[in-house]
Number of protein chains: 2
Amino acid sequence: MDVDLRLLRYFVAVAEELHFTRAAERLFISQPALSKQVRLLETQLRLKLLRRSSRHVELTAAGNALLPQARQLLDTWSESLTATRAAAAEEDRTLRVGFITNAAGELTTQILAEFTRRRPEWRISMSQALWADPTCGLRDGSVDVAFVRLPVPAQEPLALRILLSEPRWVALPSAHPLARHEVVPFASLLDEPFIATPPESGTWRDFWLAVSERRGHPVRVSAVAQSSEEWIEAIANGFGVGFTAESTARFYHRPGVVYRPVDEISPSRLALAWRREDRRRIIIEFAAACAAAASPAA
Amino acid sequence: MDVDLRLLRYFVAVAEELHFTRAAERLFISQPALSKQVRLLETQLRLKLLRRSSRHVELTAAGNALLPQARQLLDTWSESLTATRAAAAEEDRTLRVGFITNAAGELTTQILAEFTRRRPEWRISMSQALWADPTCGLRDGSVDVAFVRLPVPAQEPLALRILLSEPRWVALPSAHPLARHEVVPFASLLDEPFIATPPESGTWRDFWLAVSERRGHPVRVSAVAQSSEEWIEAIANGFGVGFTAESTARFYHRPGVVYRPVDEISPSRLALAWRREDRRRIIIEFAAACAAAASPAA
DNA sequence: CTACATCCATACCTACCAGTTATAGCAGGA
DNA sequence: TCCTGCTATAACTGGTAGGTATGGATGTAG
């Protein structure tokens, strides 16, 4: 009996929430649509998975048995798909490059040009990651190499090559009082509300909130942004301020937002990263192209 | 990205056949439908899985990577479903009983009555297996206990309790010359064409062709039947003859078919079987009910 | 005990899609 | 060059996944 994995995903959502309305919200569909689909799943399998009343939802024994299996199946499928994409990229000689925000800044173009000169038969596919994933897709295998901003999660088995280091600046609403400073004193930012990266980003989040520089002074997080676009929009609308790399200031202009240097704050380092177990020659060659572009011929 | 497992099944079929038309036949759909669905799969995954020309079909690297994963996913799902069904049966106290052809013959009713008397809160679900599976569903876990005809595949870890032994008879087209005998001599059947069980049934097939009694005399198999109904239909239409249990003769009357005892042939033994690792009390109790019904109170 | 709030189910509608048959188009072999 | 075999395309039909509006049941507050 075949089944659409979508239905399994729906079932898992309901089984986890034990609440159709909430599960439907989580899945971005209407509650009746969800009710109908789960019922359809039960019909297709000829099994009752849930006991519902207008007040309570609970799993049957069958539902209980199916839940972990369904989770597993969805995970396995996701991994299969990743492996398949990797095979496809390899076959048509496409190097998948992940990046975040403005990648390697002005250096990016040079790097890609240098790589293309060295290996003209390879194609490059650039994909921008959301802030929730500081490994830019290396973690889940959706890219082969990535321009990452340190720190990356330590538990990831990544090889790193530092490409550059640049000061962190602060982005402020234009009308903000601190915007008058040429260089904003770090101490003056301690009580400002910050736009933060998502919690899943771990140590990365702390870095961009400058937690270690605050010496225990608590952070006010006023909003969370998934990307530079959301971040800059939040700042322009006065929700708060945020640190960023100097080069980002050149890439993300927007009326209503100004960028200023900050004193007493460590720089941001940009690195090329790849999975340590990925020993492909093409990776080494991309790293070499990066090194060549980063340190112009003496 | 979710996917319908049906599409994966389609892909696997094409990948195995490397031929859309043949794969479509195997899947019992039209060739254009299959072409469209495989293309849809590729579109959904944004991957080319197959290179097609009007003359050749071959896998891409992506297709090659996906194929084993897809097979695995389908198998895993099938097993999950079986486990879930078992949980459902357990919860609503349903004992799933497999059987083949006429189960335990006239004894069946008594057994079920006895079991129901002893454990009235349990329900019984009877499901008839096709001849391709002499374990009657124990192998794949779709039943809890089964009335099986020996021999059962030896490699299956099954517990067995012999319930009865009865002579094998032969079924003949009414007009067949041998139908004149009261008891058909085994030797006279050596060159008759036989309706056989499917090859997957293994040693069971040999037993019902009486291979060991033939002492090396080759068998003529004129047709294969998946069930008693197909079998009796084939015999009535004169395609051949076949051995069966004596009790089956009483359960499957049909104009155009006659049953006769055969000499010099070993009997058929019927057993109750279950998975050896299944230690549930209810299994033991069903076995006890069978024993009680099989050997009426002294 | 009644009124209310909450939540799942049902009814009904629309857009899309899986399947069908018929046929076009392409490629290899006699 | 024609024939044959195979996949793709076209046109159609029934079914279904999604939507909104509303019914109906049940636990809770007063």
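Since this is a predicted model, take the numbers as computed values, not measurements. (Residues numbered from 1 in each chain as written. Chains lettered and ligands numbered in written order. Predicted model: local features only at pLDDT ≥ 70, side-chain atom pairs only at ≥ 80, totals over all residues. Heavy atoms only, no water.)

**Student:** Outline the nonpolar core, supporting the account with residue identities and numerical values.
**Tutor:** Of all hydrophobic cores here, the largest spans 64 residues; its most connected members are Phe11 of chain A together with Phe11 of chain B. Filtering out sequence-adjacent residues up to four positions away, Phe11 of chain B remains in contact with Leu41, Leu49, Leu50, Leu59, Gly63, Leu66 and Leu67 of chain B. (Core = buried A, V, L, I, M, F, W, Y, C linked by side-chain atoms within 4.5 Å. Buried < 20%, exposed > 50% of the residue type's maximum accessible area, 1.4 Å probe, protein only. Contact = heavy atoms within 4.5 Å.)

**Student:** Just give me the short version of the protein's contact with DNA strand C, but keep the residues and values in it.
**Tutor:** Surrounding DNA strand C, one finds 23 residues, the nearest of these being Thr21, Arg52 and Arg55 of chain A together with Ser30 and Lys36 of chain B. Within 4 Å of the protein, atoms of DNA strand C come from sugar and phosphate in 70% of cases. At 3.1 Å from a phosphate oxygen of DNA strand C is found a main-chain nitrogen or oxygen belonging to Phe20 of chain A. Of all elements in the fold, only α2 (20-27) and α3 (31-45) of chain A together with α1 (5-17) and α3 (31-45) of chain B reach the threshold of two or more residues within the surface near DNA strand C. Residue contributions to the surface near DNA strand C peak at five residues, all from α3 of chain B. The residue inventory of the surface near DNA strand C, partitioned by class, reads eight nonpolar, nine polar and six charged. (Near = heavy atom within 4 Å. Polar contact = N/O pair within 3.5 Å; in protein donor to acceptor, adjacent residues only side chain to side chain. Helix = DSSP H or I, 4+ residues; strand = E, 2+ residues; numbered from the N terminus. Nonpolar A, V, L, I, M, F, W, Y, C, P; charged D, E, K, R; others polar.)

**Student:** Can you break down the relation of the copies chain B and chain A residue by residue, with the values?
**Tutor:** Between the two copies, chain B and chain A, the superposition gives an RMSD of 0.1 Å; the rotation angle is 180° and the shift along the axis is 0.0 Å. Such values leave the two copies arranged in the relation of a two-fold axis. It is Asp4 of chain B whose C-alpha, among those of chain B, lies nearest the rotation axis, at 1.9 Å. The overlap is high: 100% of the interface residues of chain B also sit at the interface in chain A, so the same surface is used on both sides. (Least-squares fit on C-alpha atoms with pLDDT ≥ 70 in both.)

**Student:** Mind laying out unusual backbone geometry, listing which residues take part and the relevant values?
**Tutor:** Residue Pro151 of chain A is bonded to the preceding Leu150 of chain A through a cis peptide linkage, with omega at 0°. Structurally, Pro151 of chain A is set in the loop between β5 (145-149) and β6 (158-166). Phi at Arg215 of chain A is positive, roughly 50°, even though this residue is not glycine. Here Arg215 of chain A lies in the loop between α6 (203-208) and β9 (220-224). Owing to a relative accessible area of 78%, Arg215 of chain A belongs among the exposed residues under this scheme. For Ala103 of chain B, which is not glycine, the phi dihedral falls at a positive 50°. You can see Ala103 of chain B is positioned in the loop between β3 (94-100) and α5 (107-118). Judged by its relative accessible area of 5%, Ala103 of chain B falls in the buried class.

**Student:** Break down the environment of Ala146 of chain B for me, with residues and values.
**Tutor:** With respect to the secondary-structure elements, Ala146 of chain B resides in strand β5 (residues 145-149). Beyond its immediate chain neighbours, meaning those up to four positions away, Ala146 of chain B contacts Gly98, Thr135, Cys136, Leu138, Ala271, Leu272 and Ala273 of chain B.

**Student:** Got a sec to walk through the state of the cysteines? Specific residues and values, please.
**Tutor:** Residues and elements named next belong to chain A. Summed over the entire model, instances satisfying the criterion amount to zero disulfides over all chains. Note on Cys290: no disulfide assigned, nearest cysteine sulfur contributed by Cys136 at a separation of 13 Å. We classify Cys290 as buried; its relative accessible area is 0%. (Disulfide = S-S within 2.5 Å.)

**Student:** Describe the environment of Glu229 of chain B, listing the residues and the values that go with them.
**Tutor:** Residues and elements named next belong to chain B. For Glu229, the location among the structural elements is in helix α7 (residues 228-236). Note on Glu229: relative accessible area 42%, which makes it partly exposed. Sequence separation of Glu229 and Thr101 is 128 residues, and the distance between their C-alpha atoms is 8.8 Å.

**Student:** Quick one: what's the story with the packing of helix α1 (residues 5-17) of chain A against helix α4 (residues 61-91) of chain A, residue by residue and with numbers?
**Tutor:** All names here are of chain A. Where α1 contacts α4, the axes come no closer than 9 Å and their chain directions differ by 130°. Between α1 and α4, the interaxial angle falls into the category oblique. Every pair of crossing elements has a handedness; the one defined by α1 and α4 is left-handed. Only Gly63, Leu66, Leu67, Ala70, Arg71, Leu73, Leu74 and Trp77 of α4 make contact with α1, whose side of the interface consists of Leu5, Leu8, Arg9, Phe11, Val12, Ala15 and Glu16. Of the residues contributing to the contact of α1 with α4, the split by class is eleven nonpolar, one polar and three charged. (Axes fitted to C-alpha atoms, helices over the stretch in contact; angles between N-to-C directions. Parallel < 35°, antiparallel > 145°, perpendicular 65-115°, else oblique. Left-handed = near helix turned anticlockwise from the far one by under 90°.)

**Student:** How would you explain the sheet that holds strand β10 (residues 242-245) of chain B if you had to name every residue and give the values?
**Tutor:** Residues and elements named next belong to chain B. Here we have three strands laid out as an open sheet, ordered β10-β7-β11, and antiparallel in their pairing. Single-partner strands in this sheet number two, and they are β10 and β11 (257-261). On average, each strand axis in the sheet is tilted by 40° relative to the strand beside it, whichever way the strands run. Pairing between strand β7 (residues 168-173) and β10: four bridges, direction antiparallel. By the bridge assignment for β10, Arg168 is matched with Ala245. Contacts between α7 and the sheet are confined to β7, β10 and β11, with β11 contributing the most and set at about 100° to the helix. (Pairing = 2+ DSSP bridges.)

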